[in-house]
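Examination of the molecular architecture
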Amino acid sequence: MLISFRGKAVAVSTFQGFKSRFVYSTSATPAPTHFLVKYLVDSLGFSKQEATSTSSKVTSFKTFKNPDLVLNFFIQSGLDNTQIKKIVSREPTLLLRDVSKFQCLMDLGLFGSDLVNVIAKDITIFDRGLDTHLRPTIDCLRKTLGTDENVVKAIKKTPWLLSFGSHHTIEANVLLLKKGGVSDVKLKTLVLRNPRYIIQKTEWVKDLLHRMEKDFRVPLHSPIFPYGFHTLACQRKSTLERKIGIFKSFGWSDNDILEMFRKLPLCFTQSEVRIKKALDLYMKELGSGPAYLASHPAILVYSLEKRVIPRMQVLKILDEKKLKRRKWSLYPVLMLTESKFREYFVLPYKDQIPDLYEPHMKTVAP
């Protein structure tokens, strides 16, 4: 028997370590678990206990086809014995599936461990029709993302992308975004960042677009659009409102908040605790005002423990020792790479302050 593999005819034969013992009827019958147990032991090297436990997960199915077709297909895709045992242990019904659906994924570019991970995370992919769902959905994603490689990236990030909802939902959301002025490049960025966004209900997408334009005054053609959309989409509206409330409690105006959002919306993806801790440090201890922080929002996403505090401690020591140093403001000091910071503020004083270098190196981010 031949199966198609990447456009070529490949013989379904016995591979080393895997012996074909059973050919089952395709008619609907009760699950012959004793046959499956024997097959797992003889063909996949399961122990009797492992095979019994695994086969117990198969409660019912309409057809029981020759599992050699699937087994040999796994081998053709590059899976080794360990990977096959792992995936079959988790989902033994895979041995009973239509091999053409596996081929559909392989033709797209999913192989080896990537194929194992996608299947293991969403077995319901194989419950969807090949021509009525899987292929139309893949074609729709290909049109949106441009290449099979990008489609594979999206599926690996969100395996249930191929099983959830309808490809018509993707088409409707893509059309809505494009009509609003979102370019192909920004749409691709948005989907690759979080593919689940385009399979949500269209009303949900409409609401986020409305909030982007009306509440935060970010035009949909703005370069910051994908990141602003993600910021609104990844949290509840009430959560975002609480975070905005924290900024206002530190004296931030609406304009300050809008300016920061339009420059770096990801500031609002941090936890409420993290935001308050950062504002306590920058505003209460270091004396920075809302206008300065809003115009330099990257400051708010740097690690306090691994970047900000260690650098501020170095500068404090240099000032306490009254040593001459570069008099830079907060933003340029924090923007420096770690190697440049050491070059400018640590290494020149190594002899004068021997204890400066080692403690700093122990606390900074690698």
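Residues numbered from 1 in each chain as written. Predicted model: local features only at pLDDT ≥ 70, side-chain atom pairs only at ≥ 80, totals over all residues. Heavy atoms only, no water.

The next thing to look at is the overall build of the chain. Counting its secondary structure elements, the chain contains 20 helices and two strands. Split into buried and exposed, the 366 residues of the chain put 47% on the buried side. The long-range fraction of contacts in the chain, counting pairs at least 24 apart against all pairs at least 6 apart in sequence, stands at 73%. When the accessible surface of the chain is summed, it comes to about 18500 Å², and 53% of that surface belongs to carbon and sulfur atoms. (Helix = DSSP H or I, 4+ residues; strand = E, 2+ residues; numbered from the N terminus. Buried < 20%, exposed > 50% of the residue type's maximum accessible area, 1.4 Å probe, protein only. Contact = heavy atoms within 4.5 Å. Areas by Shrake-Rupley, 256 points an atom, 1.4 Å probe, with all protein chains shown as cover.)

This part takes up unusual backbone geometry. One non-glycine residue, R217, adopts positive backbone phi at about 55 degrees. Position of R217 among the secondary structure elements: in the loop between α11 (202–215) and α12 (225–233). Look at K322: it is not a glycine, yet its phi comes out positive at around 60 degrees. By secondary structure assignment, the location of K322 is in the loop between α17 (304–320) and α18 (330–335).

It is worth spelling out helix α9 (residues 167–179) at this point. Spanning 13 residues, α9 covers 18 Å between terminal C-alpha atoms, matching the ideal 18 Å at 1.5 Å per step. Turning to α9, its buried residues number three or more, namely H167, I170, N173, V174, L176 and L177. Contact partners of the buried residues in α9: α7 (130–145), α10 (184–193), α11 and α12. Its side-chain oxygen at 3.0 Å from the backbone nitrogen of H168, S166 defines the N-terminal cap of α9. Immediately beyond the C-terminal end of α9, within one or two residues, lies G181, with a positive phi of roughly 110 degrees. (Expected span 1.5 Å × (residues − 1). Polar contact = N/O pair within 3.5 Å; in protein donor to acceptor, adjacent residues only side chain to side chain.)

With that settled, consider the environment of A172. Tracing the chain through its elements places A172 in helix α9. Considering only alpha carbons, one finds A172 and I199, 27 residues apart in sequence, at a separation of 9.4 Å.

The next subject is the confidence of the model for the chain. Per-residue confidence for the chain averages 85 on the pLDDT scale, and 88% of its residues sit at or above 70. Contacts from residues 1–31, a stretch scored under 50 in pLDDT, to residues over four places away or in other chains number 74 contacts. (pLDDT = per-residue confidence, 0-100.)

Taken together, the side chains of K57, K86, R90 and K121 define a basic patch exposed on the protein surface. Mapped onto the fold, K57 is located in the loop between α2 (48–55) and α3 (67–76). (Patch = residues over 30% accessible without salt bridge, like charges linked within 9 Å, V, L, I, M, F, W, Y side chains within 5 Å. Salt bridge = Lys/Arg side-chain N within 4 Å of Asp/Glu carboxyl O. Lys, Arg positive; Asp, Glu negative; His and termini not counted. Charge placed at Lys NZ, Arg CZ, Asp CG, Glu CD.)

This next bit is on the nonpolar core. In this structure, F74, W252, L279 and Y282 are the most contacted members of the largest nonpolar core, which totals 111 residues. Ignoring any residue separated from it by four or fewer positions in sequence, one finds Y282 in contact with G287, S288, L293, I299, L300, L304, V308, L330 and L334. (Core = buried A, V, L, I, M, F, W, Y, C linked by side-chain atoms within 4.5 Å.)

Applying the stated rule across the entire model yields 20 salt bridges. Look at the salt bridges and you will find they share partners, linking D139, R142 and D148 into a network.

Where two aromatic rings form a pair, the distance of their centres and the angle of their planes describe that pair. Counted under the stated rule, the structure contains 16 aromatic pairs. Taken together, a centroid distance of 6.2 Å and an interplanar angle of 85 degrees make the contact between W204 and F229 edge-to-face. With W204 in helix α11 and F229 in helix α12, the pair connects residues that are 25 residues apart, well separated along the chain. The exposure class assigned to F229 is buried, which follows from its relative accessible area of 1%. With a centroid separation of 5.8 Å and 45 degrees between ring planes, the pair formed by F261 and F268 is classed as tilted. With respect to burial, F261 and F268 carry one shared label: buried. Grouped by ring-pair contacts, the aromatic residues F216, F247, W252, F261 and F268 constitute a single cluster. Cation over ring: R307 sits above Y302, and NZ or CZ is 4.4 Å from the ring centre. Note that R326 overlies the ring of Y344, its terminal NZ or CZ placed 3.9 Å from the centroid. (Phe/Tyr/Trp six-rings, centres within 6.5 Å; stacked < 30°, edge-to-face > 60°. Lys NZ or Arg CZ within 6 Å of the ring centre and 35° of its normal.)

So, on to helix α5 (residues 99–108). With eight of its ten residues buried, α5 lies for the most part within the structure. When α5 is considered as a whole, its buried residues turn out to be V99, K101, F102, Q103, C104, L105, M106 and L108. Phi for G109, located one or two positions after α5, is positive at around 125 degrees.

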